[in-house]
Each structure stands twice: as C-alpha cells, then as structure tokens.
Amino acid sequence: MEIKSLKKINDFLWELPPLGEMRVPGLIFASQKLVEEMDEKVREQVTNVACLPGIVHASIAMPDAHWGYGFPIGGVAAFDAEEGGIISAGGVGFDISCGVRTLTTGLTRDEIVPSLERLIDKIFQVVPAGVGSEGKIRLTPAQIDDVLAGGAKWAVDKGYGFPEDLGYIEEGGYVTWADPKQVSDLAKKRQFREVGTLGSGNHYLEIQHVFEIYDAEAAEALGIKKDDILIAIHCGSRALGHQIGTDYLVTLAQASKKYNIPIRERELVCAPINSPEGKRYFGAVGAGINCALANRQVISHLTREAAYEIIPQAKLEMLFDVSHNTCKVEEHVVDGKKLRLYVHRKGSTRAFGPGRPEIPSRFRSIGQPVFIGGTMGTCSFILVGTEFGTEQAFGSACHGAGRSMSRKRATKTWRGDTVIKDLSAKGIIIRTRSYRGVAEEAPGAYKDVVEVVNAAHQAGLAKKVAMVKPLACVKG
DNA sequence: ATGTAC
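## Points about the packing of helix H9 (residues 238–258) against helix H10 (residues 276–310)
Interhelical geometry of H9 versus H10 gives an angle of 170° and a closest axis separation of 10 Å. Compared by their axis directions, H9 and H10 come out roughly antiparallel. Where H9 approaches H10, its residues Arg238, Leu240, Ile244, Tyr248, Thr251, Leu252, Ala255 and Lys258 are matched on the opposing element by Glu277, Arg280, Tyr281, Ala284, Gly288, Cys291 and Asn295. Among the residues forming the contact of H9 with H10, the class breakdown is 8 nonpolar, 3 polar and 4 charged.

Right under this line is the structure:
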C-alpha cells in the first residue's frame with residue numbers, strides 16, 4: 001500500500017481521511033512496514049466499507065489485514081440500526097465464528113515430552129480432521145436445530161464437557177438470538193455428520209508450551225506459567241457456516257437492490273439490520289456461531305478423553321474461547337454516546353478491555369484473553385484486551401499472522417512431506433491426512449506473526465501476556 | 001474456509 005495516500009496519526013495508526021462517499025474515516029492499525037506490505041486492495045476495501053450506511057466511528061483494519069471477500073480479512077466495522085445501519089455477509093466471512101479455544105493441562109513441558117508422540121497420535125485418532133471429515137455424532141434435522149440454538153451448552157448437556165466450561169466461552173457458550181429457522185436445509189444437511197470435527201485449511205489442534213511471559217500479573221490471572229503445556233483448538237462452523245454465507249450472498253444481493261444500497265464491490269452486498277432480510281441473516285449468523293461453539297466443545301471433550309488415557313494425571317481446563325469471524329450486538333461509546341451496535345469482526349478477534357461485563361469475573365480486571373495463532377513452525381501469542389482498543393476499535397485485535405502467499409503459490413513452492421520433515425528437525429510433530437494442506441499452510445506462506453502481534457501491542461489494541469511455541473500439531 | 005471447480 002502506498003504510504004503517502006495515508007495520514008500518519010502515530011507510528012502504529014494510519015488514517016484514510018473520509019473523502020467522497022466515505023461516511024467515516026478508515027483506520028489502519030499497523031507498523032509502517034506492515035502497511036507498506038499490505039495489498040492496495042486493503043485500502044480499497046476499507047474505503048468501500050466506510051461508505052456503507054449507518055457505519056459509525058471508522059472502518060478499521062488490523063495489523064494482519066489482507067484482501068478478503070468484500071471486507072478485508074482483519075476488518076472491523078460497527079453499524080447503528082437506528083441510523084440505517086446494515087449487516088453484511090462479507091463482514092463476517094464464510095467460516096462463521098471460526099476461533100481459537102485454549103485449554104490448560106496442568107502439565108509442564110518435562111512432564112509431557114515422554115508421552116508427546118503417543119498423545120498427539122491418540123488425539124489424531126479421535127479428533128476427526130481434514131476436508132469432509134465426519135465425526136461419530138449423527139444428527140437428525142431436529143437435533144441439528146438444538147445444536148444451532150444451544151451451542152456449547154447443547155454439547156455440555158449431551159455430556160461433552162462440564163457446565164463450568166461455559167463460563168469461559170464468549171456469551172457463556174451460546175448466543176440467545178440464534179435462529180435455526182433461518183438456516184437452509186442444505187446447510188443443516190451438510191453439518192449432520194460434522195459436529196465435533198476440526199475441518200481443513202488453517203484449522204488445527206496444537207499442543208504448545210509457554211515459552212515466554214511478558215506480563216507476570218496478567219499471566220498469573222490467566223493461570224499460566226513458563227513451561228506450562230496448553231492445547232489450542234482452532235476451527236469454525238465447517239460446512240454449515242460456509243453454506244449460510246453462500247445462501248445469504250444471494251439474499252443480500254437482492255436486498256441491496258430492494259433497499260437501494262449503493263454497492264461498490266459485488267461481495268459487499270448487505271441488508272438494513274432492521275429489514276426482514278437483515279434480521280434473517282443475523283439469526284442465521286447466530287446459528288453459525290453456536291455451531292462453531294458446539295464444535296469446539298465436542299473437540300475439547302474428545303481431546304480430554306485422549307489426554308486422560310495417555311496421561312492420567314493431566315487436567316484439561318478451559319482457559320478461554322474466542323471467535324474471530326462474527327457479527328454481534330454490543331454496547332459501545334462513540335463520541336460520548338452509548339450506542340447499541342452491530343459489530344462485524346472478520347478475521348479479527350474480540351479483545352475487550354478491563355471491566356467489560358462480558359469478560360469472566362476471574363479475568364475482568366485484566367481484560368479479555370485473546371489468542372493469536374501463528375503457523376505450524378512459529379509461535380502463537382496470548383494477549384489481553386485494552387481500554388484503548390475498546391474505545392478505538394470496538395474492542396478488537398488481530399487474529400493471526402495473515403497469509404503472505406496464496407494457497408496455490410504455496411503448493412508450488414513447498415511439498416508437504418518436506419515441510420513436515422523440516423518441522424520435525426525443529427522438534428515439532430505434525431499429524432495430517434493432507435500433504436497438500438500442509439504445503440498450503442507452510443510457515444513461509446504467512447507473514448511474521450511476531451511483527452503482527454508487536455504491532456497490535458504497540459498500537460495499544462491488546463497487551464502481550466505470553467508467547468507459546470508448538471510441540472505437536474494435528475493439521476486439518 | 002469449503003462435499004479443495006455445481
């Protein structure tokens with residue numbers, strides 16, 4: 001991106017002044033280097049989003065922003081229904097409520113190393129992973145509606161996990177406004193056998209060790225210490241979320257015409273929040289969110305069973321579960337006014353600062369935990385949200401390293417088996433059913449997660465608490 | 001991301 005097209009606010013904040021049809025400015029939170037490396041398309045998309053009806057404060061891009069479908073991936077935008085605000089599938093993404101859940105294990109690195117290979121093999125055996133992977137759970141149409149209405153609470157009620165898990169999931173494990181009736185039969189049918197499966201692409205289950213602590217007070221509040229073993233689960237709403245996106249792209253294209261909303265890019269189609277189409281899509285998004293939360297809950301249960309079989313003294317407990325492809329209603333203060341807003345976060349994780357009532361009471365004074373997943377070979381980060389981020393970015397932070405190379409080019413550059421060998425030489429075990437998937441997800445196909453996270457930290461969006469490194473990983 | 005190009 002041409003740096004001279006931007007107004008520098010400070011070293012980690014760049015503004016696109018509100019010109020032409022833009023209703024609000026664009027704000028890009030990133031270092032100069034990351035901004036320069038960003039595709040021009042990000043500027044274009046941030047601008048397009050800034051032109052949408054009812055947007056408030058700013059059209060925002062995170063340090064890991066890259067070109068996406070309508071909205072940039074790493075984009076945040078909030079809309080006021082009372083001011084004609086819209087809801088857009090391009091602002092949520094296809095993998096609705098894709099996110100990261102992290103479990104503590106009560107084990108240290110030394111305790112797990114002798115059993116590591118057996119543990120990852122067991123997890124690989126019991127957690128279905130890969131394209132089209134199916135779980136043991138078979139659901140009927142009525143039962144899938146229960147999943148879509150109940151989320152992780154449905155899973156706990158069915159015996160997958162414990163009621164106390166729910167307090168450490170956003171929204172207590174399920175959103176109440178989910179409306180399974182707004183999800184097509186096809187979307188439901190595609191999910192009948194996929195509840196509790198990891199999926200493919202950048203989804204993974206990783207055994208990690210805490211490598212470095214940056215903020216001792218926050219780490220203590222989160223209950224993590226150097227050398228602790230954590231398990232991170234990154235997955236979303238599988239085929240169901242994808243099908244909701246596909247279905248509503250058609251609905252919202254028609255709605256954009258019906259309500260005369262000027263669309264600057266075809267993928268930015270949307271409907272007024274208060275229109276029947278907008279309400280239907282929002283209800284479907286809620287169902288997608290609950291589907292993803294149920295998935296991660298079932299996978300956690302399978303992981304617990306595997307871990308207890310291999311290492312009986314392990315104790316897998318919820319640290320937190322945070323989604324990074326959502327649209328949710330939240331209260332925010334904009335220009336001194338309290339507003340109820342529809343916040344779109346696409347490839348952007350919620351990162352509420354201290355004091356927000358949505359944060360579990362145990363963490364409320366330090367801010368919401370945020371998980372930033374790196375790549376197979378690199379590290380991941382645990383952060384907490386800040387007041388500044390809550391005021392300036394609706395309480396949002398980046399979600400990962402962000403791709404720097406297309407999947408196609410990655411498969412031409414690397415071979416899956418050599419990537420696995422290289423990682424093995426670094427002491428990282430990979431289990432997968434797809435060498436091609438591993439090539440697509442080669443560490444070299446991603447931006448430097450350290451730089452992205454440092455930018456988020458220095459921009460003030462979230463505060464670094466710990467860095468974790470992978471020991472073993474099941475790739476979808 | 002995705003029954004990896006209905």
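## Some remarks on the packing of helix H5 (residues 141–157) against H10
For any two helices packed against each other, the geometry is given by the interaxial angle and the distance between the axes. Two elements in contact, H5 and H10, have axes whose closest approach is 7 Å; the angle formed by their N-to-C orientations is 20°. It follows that H5 is roughly parallel to H10 by the angle criterion. At the point where H5 passes H10, the crossing takes the left-handed sense. Across the interface between the two elements, Val147, Leu148, Ala149, Gly150, Gly151, Ala152, Trp154, Ala155 and Val156 from H5 touch Gly286, Ala287, Asn290, Cys291, Leu293, Ala294, Gln297 and Val298 from H10.

## Description of the sheet that holds strand E2 (residues 13–16)
Strand order in this open sheet of 7 strands is E1-E2-E3-E4-E5-E13-E12, and the pairing throughout is mixed. Single-partner strands in this sheet number two, and they are strand E1 (7–10) and strand E12 (325–334). Recorded for the sheet is a direction-independent mean angle of 25° between the axes of neighbouring strands. Judged from the 5 bridges that link them, strand E4 (residues 55–66) and strand E5 (residues 73–79) form a sheet pairing that is antiparallel. Of the residues in E5, the one forming a bridge with Ala61 is Gly75. Helix H2 (residues 40–50) rests against E2, strand E3 (26–28), E4 and E5 of the sheet, and its axis sits at about 160° to E4.

Calculation notes
- Residues numbered from 1 in each chain as written.
- Chains lettered and ligands numbered in written order.
- Predicted model: local features only at pLDDT ≥ 70, side-chain atom pairs only at ≥ 80, totals over all residues.
- Heavy atoms only, no water.
- Axes fitted to C-alpha atoms, helices over the stretch in contact; angles between N-to-C directions.
- Helix = DSSP H or I, 4+ residues; strand = E, 2+ residues; numbered from the N terminus.
- Parallel < 35°, antiparallel > 145°, perpendicular 65-115°, else oblique.
- Contact = heavy atoms within 4.5 Å.
- Nonpolar A, V, L, I, M, F, W, Y, C, P; charged D, E, K, R; others polar.
- Left-handed = near helix turned anticlockwise from the far one by under 90°.
- Pairing = 2+ DSSP bridges.

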